[in-house]
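Chain by chain, the residues run as shown.
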Amino acid sequence: MTRAAIYCRISRDPEDRHKGVDRQRADCLEIAERRGWTVVEEYIDNDVSAAEGTQKARRRYLDLLADIEAGKIDAVVMWAEDRLQRQLLELLEFLRICEQAGVTKLASAGGEYDMSNPDQRMNLKLKALIAEAEIEKMRMRMRRQRLGAAEDGEPHSGGSREFGTVGKRQVRDPETGSVSTVPIVSEGRAARERELIQKAAERVLAGDSLRAIRLDWKREGVRTASTEARARKGKPPAEFSNQALRKLLLSPRMVGYRVHQGRLYPGTWPAILDYQTWEAVGEVLRDPDRTSRRGGVPRHLLSGLLFGGDGCGHRLNSQPRNGKLLYRCRELGCAKITRAAAPIEALICEALFVAVESPEWDRLAERPADDPTRELHEQLARDQGLLDRLEDKVAEELIRPEAAKRKRAEIERRMDVARDKLGRLGDSRVAARVPRNLRDVWPNLSLDRRRSILAVVIERITVNPQKPLGPGGFDPDAIVPTWRA
């Protein structure tokens, strides 16, 4: 008995219908039957390319090689030679494994190969070389086609539709075989998605976090643009992650541009955001201080702002107890301060409302006419490079350690000044978008937005021990905020 294995592969089947590999399988079974071989295993790689540089592994092909090495296979059946191999190097590896395992029979719709015959082995190698050359020609044509599409401002083709667009896909009529292009979603839904993007940009500039926006979108049932394609494959809807939302807002597509090979080309679609807003959102999301933060997500309004007074000096942590929230010092050997959260938060919020309603708030909210944030970020990057090279110069004895120390202090002072300027600009950006009726809209703001507004005006809050006032008593004079200039 000749134990045969069937190998079938299709390069593209984005909707996972398996029609192509099913047709290959039926032909391969017929080929094996004509030769009197017994099919003991079938190896199917659907929607996987065999070309050089492909990112997706041919898992079932690797299983086939392993079973040949294990001596489980006597012959291999394929629909066509390029379904098995389209690279000469991989074919040579395949032939080596077959030779070591004693497998000499290989069959396709074009005939049978005796892999112990040098001439037939050479024929296989020539076909692999021809397949490689055809792939390279096809890639050259595709690269030129994609460049032309970019120069013409056409949107990216293939893959899922873009969030905020109608998107189109081709549908084949089962009766006539004709292909037509139909929208994936309605224009109404696409318009709603564009509105969501615009509001998300406004919230980022107002100090809200991507996490808060994402959670709101999740509650509202907003899904990624890949949801339709996933549904056709029977997969569940996909929700936005923080990273996916960030990528969406930073995309040049928001201002009517597309990217090709690192260059921007004007698109043929209307912009979703104006350029000034998009640039401002980019400044916020690329802020080094923002991207370098680590740790847990604050769950309470004053987390990280409260510090114990009267010699304590430690940060106060939130702690639920008996259905109420407390802020307390948890440092071993200290634990001087424990205070109910509600009255402190109410006091600080009232102070914030009064500040926003004062004439001084208008001065804080004035944005300089010449916005230098980009120059400041570039200056920080240059100075960081100078610091890095300074260490190399000391190691190579190109500069004396004493001179390097003075130079390092100078650069670090300059970087501190730049960071301070960025911080003030960030404060004014948030302050400029705070509504004057903050007292009325405060309950509707996200926790992240509230904390961002508080951070504009308050650096820290010292909680001192209060005088005995009886159960439930609260001394507002024991709460001392440190206001920012």
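See above for the structure.
The rules behind each value
- Residues numbered from 1 in each chain as written.
- Predicted model: local features only at pLDDT ≥ 70, side-chain atom pairs only at ≥ 80, totals over all residues.
- Heavy atoms only, no water.
- Helix = DSSP H or I, 4+ residues; strand = E, 2+ residues; numbered from the N terminus.
- Buried < 20%, exposed > 50% of the residue type's maximum accessible area, 1.4 Å probe, protein only.
- Contact = heavy atoms within 4.5 Å.
- Areas by Shrake-Rupley, 256 points an atom, 1.4 Å probe, with all protein chains shown as cover.
- Salt bridge = Lys/Arg side-chain N within 4 Å of Asp/Glu carboxyl O.
- Axes fitted to C-alpha atoms, helices over the stretch in contact; angles between N-to-C directions.
- Parallel < 35°, antiparallel > 145°, perpendicular 65-115°, else oblique.
- Nonpolar A, V, L, I, M, F, W, Y, C, P; charged D, E, K, R; others polar.
- Expected span 1.5 Å × (residues − 1).
- Arc of directions from axis to C-beta.
- Patch = residues over 30% accessible without salt bridge, like charges linked within 9 Å, V, L, I, M, F, W, Y side chains within 5 Å.
- Pairing = 2+ DSSP bridges.
- Polar contact = N/O pair within 3.5 Å; in protein donor to acceptor, adjacent residues only side chain to side chain.
- Core = buried A, V, L, I, M, F, W, Y, C linked by side-chain atoms within 4.5 Å.

(A) Geometry of the overall build of the protein. Across its full length, the protein holds 17 helices and 15 strands. Taken across its 485 residues, the protein has 37% of its residues classed as buried. Put simply, of all contacts in the protein between residues at least 6 apart along the chain, 64% involve residues at least 24 apart. For the protein, the accessible area works out to roughly 28400 Å², and carbon and sulfur atoms hold 50% of it.

(B) Structural detail: helix 9 (residues 242-250). Considered for burial, the residues of helix 9 that qualify are Leu245, Leu248, Leu249 and Leu250. Residues of helix 9 that are buried make contact with helix 6 (187-205), helix 7 (210-219) and helix 10 (275-285).

(C) Up close: the pattern of salt bridges. Scanning the entire structure with this criterion turns up 22 salt bridges. In this structure, arginine 192 engages glutamate 220 in a salt bridge whose closest nitrogen and oxygen atoms are separated by 3.5 Å. Highlighted residues: arginine 192 in helix 6 and glutamate 220 in the loop between helix 7 and helix 8 (227-232), separated in sequence by 28 residues. Members of the salt-bridge network, linked through shared partners, are Arg203, Asp208, Asp216 and Arg219.

(D) Spotlight on the packing of helix 7 against helix 9. The contact between helix 7 and helix 9 brings their axes to 9 Å, and the two run at 105°. Classified by the angle between their axes, helix 7 and helix 9 sit roughly perpendicular to one another. Contact residues: helix 7 offers Leu210, Arg211, Ile213, Arg214 and Trp217, while helix 9 offers Asn242, Leu245, Arg246, Leu248 and Leu249. Among the residues making up the contact of helix 7 with helix 9, the classes are represented as six nonpolar, one polar and three charged.

(E) Representation of helix 12 (residues 341-356) in the model. With 16 residues, helix 12 should reach 22 Å at 1.5 Å per residue; the first-to-last C-alpha distance of 22 Å fits that figure. What helix 12 keeps buried is the set Ala341, Ile344, Glu345, Ile348, Cys349, Leu352, Phe353, Ala355 and Val356. The buried residues of helix 12 occupy one face: seen down the axis, they fall within an arc of 170°.

(F) Main features of a nonpolar patch on the surface. A grouping of Met122, Leu126 and Leu129 is seen on the molecular surface, where their side chains present a nonpolar patch of about 270 Å² in accessible area. Mapped onto the fold, leucine 129 is located in helix 5 (residues 118-151). Look at leucine 129 and you get partly exposed, because its relative accessible area is 40%.

(G) Main features of the sheet that holds strand 14 (residues 458-463). If you walk across this open sheet you meet the three strands as 10-14-15, and the pairing is mixed. Pairing within the sheet leaves two strands with one partner each, and these edge strands are strand 10 (306-308) and strand 15 (479-483). Averaged over all pairs of adjacent strands, the angle between strand axes in this sheet comes to 30°, irrespective of strand direction. Pairing analysis gives five bridges linking strand 14 to strand 15, with the strands arranged antiparallel. Residue valine 463 lies in a different strand from strand 15, and its bridge partner there is isoleucine 479. Docked against the sheet, helix 12 engages strand 10, strand 14 and strand 15, running at close to 40° with respect to strand 15.

(H) Geometry of unusual backbone geometry. Notably, aspartate 47 is not glycine yet its phi reads approximately 60°, a positive angle. Relative to the helices and strands, aspartate 47 is located in the loop between strand 2 (38-46) and helix 2 (59-69). A positive phi angle, close to 55°, is found at asparagine 322, a residue other than glycine. One can find asparagine 322 in the loop between strand 11 (317-321) and strand 12 (324-328).

(I) Region of the structure containing the environment of glycine 308. Locating glycine 308 in the fold gives a position in strand 10. The spatial distance from the C-alpha of glycine 308 to the C-alpha of threonine 462 is 5.7 Å, given a sequence separation of 154 residues. When residues no more than four places from it in sequence are discounted, the contact partners of glycine 308 are Gly313, His314, Leu316, Ile337, Thr462 and Val463.

(J) A look at the sheet that holds strand 11. Judged by pairing direction, the sheet is antiparallel, and its three strands sit side by side in the order 11-12-13 without closing on themselves. Pairing within the sheet leaves two strands with one partner each, and these edge strands are strand 11 and strand 13 (338-340). Strand-to-strand twist of the sheet, defined as the mean angle between neighbouring strand axes without regard to direction, takes the value 35°. Bridging between strand 12 and strand 13 involves three bridges; their strand directions are antiparallel. Residue pairing in the sheet places arginine 328 in a bridge with threonine 338 of strand 13. Sitting on the sheet, helix 12 touches strand 12 and strand 13, and the angle it makes with strand 13 is about 70°.

(K) Region of interest: the environment of aspartate 448. Here aspartate 448 is to be found in helix 17 (residues 447-457). Measuring from C-alpha to C-alpha, the distance between aspartate 448 and arginine 299 comes to 9.0 Å, with 149 residues separating the pair along the chain. Residue contacts for aspartate 448: discarding those within four places in its chain leaves Gly207, Asp208, Ser209, Arg211 and Ala212. There is a polar contact of 3.1 Å between the side chain of aspartate 448 and the side chain of arginine 211.

(L) Main features of the pairing of strand 5 (residues 111-114). Looking at chain direction, strand 4 (residues 105-108) and strand 5 are connected through four bridges and run antiparallel. Bridge pairing in strand 5 places alanine 107 opposite glutamate 112.

(M) The nonpolar core, seen in detail. In terms of nonpolar packing, the biggest core is built from 30 residues, with Leu302, Leu306, Ile348, Leu352, Leu438, Trp442 and Ile461 touching the most fellow members. Elements that contribute at least two residues to this core include exactly helix 12, helix 17 and strand 14. By residue number, the principal contributor to this core is helix 12, which donates seven residues. Those residues within four positions of leucine 302 in sequence are excluded, and the remaining contacts are Tyr327, Ile344, Glu345, Ile348, Arg451, Leu454 and Ile461. Judged by nonpolar contacts, the second largest core, of 25 residues, contains Ile197, Ala200, Leu205 and Val255.

Distances and angles like these do not, on their own, reveal function.
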